[in-house]
Amino acid sequence: MTKRLTQFKEMASLSNEPIAQITADDLPPIPGIAQPAIPAPRPRWLDTYDFSLDGFSDFEIPAPKTDEEKKRIVEGFFRGLEKLFDPENNWTFVKAFRLSMDYCVRCQTCSEACHTYVGSGHQEIYRPTFRSEILRRIYQRYYTTSGKLLPAFYGADIEVNFKTVWRLLELSYRCNLCRRCVMMCPVGVDNALIAREIRKLFSQELGIAPVELLKKGTRQQLQVGSSTGMRPNAMKSLVSDMEDQIEEKIGRRIEIPVDKKGADILLIHNAGEFLSWPENPAAFAILFDAAGINWTLSSEMLGYDGVNYGVWFDDVELARVALRHLQIARDLGVKKVVVGECGHAHKAMMVIADRVFPGDLCISEMPRESCLPLLYQIAASGRVKFDPSRNNFPITLHDSCNVVRLMGIVKPQREIIKMICAQPLREMTPHGVWNYCCGGGSGFAIMNSLNFGDWRKNVSSRMKVQQIMAVFADVLDPSINKYVIAACSNCKGTIRDAQGHYGLWDQYHIHYGGLVDLMVNAMADLPKPYLEWPEA
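Each chain has its residues counted from 1, running along the sequence as written. Restriction of local features to residues with pLDDT of at least 70 applies here, the model being predicted, together with a cutoff of 80 or more for giving and counting side-chain atom pairs; totals for whole chains, interfaces and linings are based on all residues. Hydrogen atoms and water are omitted, and side-chain values are computed over all heavy atoms in the structure.

Draft legend 1. Up close: the pairing of strand β7 (residues 510-513). Relative accessibility decides the category of a residue: with a 1.4 Å probe and only protein chains considered, values under 20% of the type maximum give buried, values over 50% give exposed, and everything between is partly exposed. In DSSP terms, a helix is any run of H or I states spanning at least four residues, a strand is any run of E spanning at least two, and both are numbered starting from the N terminus. What you see with β7 is no split at all: Ile 510 and Tyr 512 on one side and His 511 and Gly 513 on the other are buried throughout. The pairing criterion is simple: DSSP has to find at least two bridges between the two strands. When strand β6 (residues 482-486) meets β7, the two strands line up parallel, connected through four bridges. From the neighbouring strand, Tyr 483 faces β7, where its bridge partner is His 511.

Rendered as structure tokens:
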């Protein structure tokens, strides 16, 4: 059922009251889960920051107090908008952007494809077309003759003031950029790209982006080597610790190769794995050793962190990080780069970097690929013996949007599961290229300033939690351990948060982890299980 229809003109309201309200009663229920309360913003936040879109924000930027400050932001917005339509300033995406701006037929076919729109209880402002239509109407009003002369007749009826601009910024961070809506569009309009281009406008022209993506993200990665803050010496120390942990688990020591010149493969993980889930990079090391793979990690600045948050908001930020990744691979003389279990690193390194870098840095000249086909080749080769009975518990698979929908890698992970698990894969509905985003895509997994985390856990993650509960509906008894495969670091982080928020482990013993972890758990010659379940 559609909620109150927020009108486009409300974007220009000068009121500090949110133009849309999200309450727990509006959200679609999740069977078996009692909806937690949604806290209101703290009173001191309301005095300082702008919550006038929907009562949520990640931006700890004090709202402007003077007309001069507001004018500066509005003028910057217009400068940035002009550059988005300028081929010299936006050569990377201007064609796709203009096509999406020009050809939407307002059929709303895409709406039900959006997990945020559906998961919010059909809040109008979260329709995939809502923010695009705002930008379209602004452009028409201020940059076309018909819009200037007859704005109401042509629907160019949105006035631009500071509130309009700020709400549009917030709206660009209510889309996970998962691009499921694009799959439904009969003419191929990419509303996720429009959201991403709006983010780029604010980053490049006004220096505004979530602190987790810019200051603590790309800038910190360039300064110290990793968005986690991990420096090269810390990375080497963690690798040494992993070697100790591997020896303790499998009864023999494996020397993890670091900075090995001329290796066949440079493996780049999301550095968050070293800190939050070290069992994942350790599992890669065990499996590659058993399969006889000639590989290496890098300890160079950025070389041990495949994260590239620029992919979500700014081409220039992306290019700075991606260029360093490729230079490191070239300096090591490896034959190719393999990206570990990190969906956005797949997109950044293999899809967007290939668009940004021509010549000898394109993917045909500097090969880079997903880890999933390689993991399948190892499983199918017979070089490692697996005992599926070691994985005899209910399993489902969460598909990373960037791996499956964007890159079309659908079958390798499913073929691996057939070879290493005793029970058949429980497919979520929908799955594969039609999967729902975990709710943490496009940076949301790490955005926790102010009350943005409340929005993520209650709205954008909602459809994924519904799917997980549904797929395990007949085995919810907590005496049965259940496993959600999430071969993506950001997806794991989001599911970890949802696990705590909705009590998935405490109530139902639903856990999550990587695919390679499960492969190593099934290795027949290991003395004991590799997986460790949370304490009951």
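Still more ground to cover, so stick around.
Draft legend 2. Spotlight on the packing of aromatic side chains. Here a Phe, Tyr or Trp ring, Trp counted by its six-membered ring, pairs with any other such ring whose centre lies within 6.5 Å, and the pair is stacked when the planes are under 30 degrees apart, edge-to-face when over 60, and tilted otherwise. Per the counting criterion, the structure on display carries 25 aromatic pairs. Look at Phe 444 and Phe 452: their rings are 5.0 Å apart centre to centre, the planes differ by 75 degrees, and that puts the pair in the edge-to-face class. For the pair Phe 444 and Phe 452, a shared accessibility class is recorded, and that class is buried. Seen in terms of ring centroids, Tyr 483 and Trp 533 are 6.1 Å apart; in terms of plane orientation they differ by 80 degrees. Their pairing is edge-to-face. Placement of the pair is Tyr 483 in strand β6 and Trp 533 in the segment after α23 (515-521), with a sequence separation of 50 residues. It is Arg 174 that lies over the ring of Trp 455; its NZ or CZ is 5.5 Å from the centre. We call a charge positioned over a ring when the NZ of a Lys or the CZ of an Arg lies within 6 Å of the ring centre and within 35 degrees of the ring normal.

Draft legend 3. Structural context of the packing of helix α13 (residues 279-291) against helix α16 (residues 371-381). The contact between α13 and α16 brings their axes to 11 Å, and the two run at 45 degrees. Between α13 and α16, the interaxial angle falls into the category oblique. As α13 packs across α16, the resulting crossing turns out to be left-handed. Contacts between α13 and α16 involve Phe 284, Leu 287, Phe 288 and Ala 291 from the former and Cys 371, Leu 374, Leu 375 and Ile 378 from the latter. Its residues assigned to classes, the contact of α13 with α16 shows eight nonpolar, no polar and no charged. Whenever a helix is involved, its axis is fitted only over the stretch in contact; in every case the axis is a line through C-alpha atoms, and angles between N-to-C directions fall within 0 to 180 degrees. Angle categories are assigned with fixed cut-offs, so that under 35 degrees is roughly parallel, over 145 is roughly antiparallel, 65 to 115 is roughly perpendicular, and the rest are oblique. Here a crossing is called left-handed whenever its near helix is offset anticlockwise from the far helix by less than a right angle, and right-handed whenever the offset is clockwise. Contact definition: two residues touch when any of their heavy atoms are within 4.5 Å. Charged residues are taken to be Asp, Glu, Lys and Arg, nonpolar residues to be Ala, Val, Leu, Ile, Met, Phe, Trp, Tyr, Cys and Pro, and polar residues to be all remaining types, Gly included.

Draft legend 4. Representation of the sheet that holds strand β5 (residues 395-398) in the model. Taken in spatial order, the three strands of this open sheet run β5-β6-β7, and their pairing is parallel. Only two strands of the sheet have a single neighbouring strand rather than two, namely β5 and β7. Mean inter-strand twist for the sheet, computed between neighbouring axes without regard to direction, equals 25 degrees. The pairing of β5 with β6 spans four bridges and is parallel. Counterpart to Thr 396 in the pairing with β6 is Val 484. Most of the contacts of helix α21 (residues 489-502) go to β7, to which it runs at about 165 degrees, and overall it touches β5, β6 and β7.

Draft legend 5. Local environment of the sheet that holds strand β4 (residues 368-370). Strand order in this open sheet of four strands is β2-β1-β3-β4, and the pairing throughout is parallel. The two strands at the open ends of the sheet, each matched to only one other strand, are β2 (295-296) and β4. Direction of pairing for strand β1 (residues 265-268) relative to β2: parallel, over a ladder of two bridges. Residue pairing across strands places Ile 265 opposite Trp 295, the latter belonging to β2. Contacting β1, β3 (336-339) and β4, α16 crosses the sheet at an angle of about 65 degrees to β4.

Draft legend 6. Spatial organisation of the pattern of salt bridges. The salt bridge criterion pairs a side-chain nitrogen of Lys or Arg with a carboxyl oxygen of Asp or Glu, the two atoms within 4 Å. Throughout the structure, instances matching the rule amount to 33 salt bridges. The shortest N-O distance in the salt bridge between Arg 174 and Asp 54 comes to 2.8 Å. Taken as a pair, Arg 174 in the loop between α7 (162-172) and α8 (180-184) and Asp 54 in the loop between α1 (43-48) and α2 (67-84) lie far apart in primary sequence, 120 residues in all. The buried category is assigned to Arg 174, whose relative accessible area is 1%. In this structure, Glu 243 engages Arg 253 in a salt bridge whose closest nitrogen and oxygen atoms are separated by 3.6 Å. Placement of the pair is Glu 243 in helix α11 (residues 232-250) and Arg 253 in the loop between α11 and β1, with a sequence separation of ten residues. Arg 253 gets classed as partly exposed once you look at its relative accessible area, which sits at 40%. Through salt bridges that share partners, Arg 106, Glu 133, Arg 136, Arg 137 and Asp 157 make up one connected network.

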